[in-house]
Amino acid sequence: MKILTRNQKSSTYYFLITAVSAVGILFSCSPKQGVAGTKTITAEHLAQGKVVFNNSCGKCHDLPNPSDHNAQDWVGIMNSMAPKAKLNEEQHQMVYDYIVSVK
């Protein structure tokens, strides 16, 4: 059994805290996704997402073409723009679902 020095213990502890924090941030900043195969998106949900996209995003700038980016790119774009557009979590998810469905 190897005995770690106090400095090694501190380094290990800070590494673990940093790793856990990074994973938490990654998952908290992504649109909420259901378990694969269990999420049902209705046409009404997508239509509402389109309305929010047109009205909220179009207020400040020209609307981007949804097919210009892949679904993963849209996660980052939505995470940066949704707070500026003052979207709640439900609106955020509706817009994201609409955008990635357009392809």
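The structure displayed is predicted, hence computed values, not measured ones.

Parameters and conventions
- Residues numbered from 1 in each chain as written.
- Predicted model: local features only at pLDDT ≥ 70, side-chain atom pairs only at ≥ 80, totals over all residues.
- Heavy atoms only, no water.
- Helix = DSSP H or I, 4+ residues; strand = E, 2+ residues; numbered from the N terminus.
- Buried < 20%, exposed > 50% of the residue type's maximum accessible area, 1.4 Å probe, protein only.
- Expected span 1.5 Å × (residues − 1).
- Contact = heavy atoms within 4.5 Å.
- Polar contact = N/O pair within 3.5 Å; in protein donor to acceptor, adjacent residues only side chain to side chain.
- Core = buried A, V, L, I, M, F, W, Y, C linked by side-chain atoms within 4.5 Å.
- Phe/Tyr/Trp six-rings, centres within 6.5 Å; stacked < 30°, edge-to-face > 60°.

**Comments concerning unusual backbone geometry**
Here comes step 1: One non-glycine residue, Lys-86, adopts positive backbone phi at about 60°.
Here comes step 2: By the secondary structure assignment, Lys-86 is in the loop between helix H3 (71-81) and helix H4 (89-101).
Here comes step 3: Here Lys-86 falls in the exposed class, since its relative accessible area comes to 71%.

**Considerations on H4**
Here comes step 1: Between the first and last C-alpha of H4 there are 18 Å, a value that for 13 residues agrees with the 18 Å anticipated at 1.5 Å per step.
Here comes step 2: Taken as a whole, H4 has its buried residues at His-92, Gln-93, Met-94, Val-95, Tyr-96, Asp-97, Tyr-98 and Ile-99.
Here comes step 3: On its buried side, H4 packs onto helix H2 (43-57) and H3.
Here comes step 4: The backbone nitrogen of Glu-90 lies 3.0 Å from a side-chain oxygen of the residue at the head of H4, namely Asn-88.

**A few points about the environment of Lys-84**
Here comes step 1: Here Lys-84 lies in the loop between H3 and H4.
Here comes step 2: For the pair Lys-84 and Ser-56, spaced 28 residues apart in the sequence, the C-alpha separation amounts to 9.5 Å.

**Observations concerning the nonpolar core**
Here comes step 1: Counting residues in hydrophobic clusters, the biggest one holds 13 residues, and the most contacted among them are Val-52, Phe-53, Met-78, Leu-87, Val-95, Tyr-96 and Ile-99.
Here comes step 2: Where this core is concerned, the elements lending two or more residues are H2, H3 and H4.
Here comes step 3: Looking at which element gives the most residues to this core, the answer is H4, with 5 residues.
Here comes step 4: Not counting residues within four places of it along the chain, the set of residues in contact with Met-78 comprises Pro-83, Leu-87, His-92, Val-95, Tyr-96 and Ile-99.

**Points about the environment of Ala-43**
Here comes step 1: Inspection of the secondary structure assignment puts Ala-43 in helix H2.
Here comes step 2: In the structure, Ala-43 is positioned 55 residues away from Tyr-98 in sequence and 9.4 Å away in space, judged by C-alpha atoms.

**Section: the packing of aromatic side chains**
Here comes step 1: The tally for this structure, following the rule as stated, stands at 1 aromatic pair.
Here comes step 2: Arranged with centres 5.7 Å apart and planes meeting at 50°, the rings of Phe-53 and Tyr-98 form a pair that is tilted. Residue Phe-53 is located in helix H2, and its partner Tyr-98 is located in helix H4; the two are separated by 45 residues in the primary sequence. This pair shows no difference in class: Phe-53 is buried, exactly as Tyr-98 is.

**Observations concerning the side chain of His-45**
Here comes step 1: Tracing the sequence through the fold places His-45 in helix H2.
Here comes step 2: One polar contact links His-45 to Asp-97, side chain to side chain, over a distance of 2.8 Å.
Here comes step 3: Those residues within four positions of His-45 in sequence are excluded, and the remaining contacts are Gln-93, Met-94 and Asp-97.

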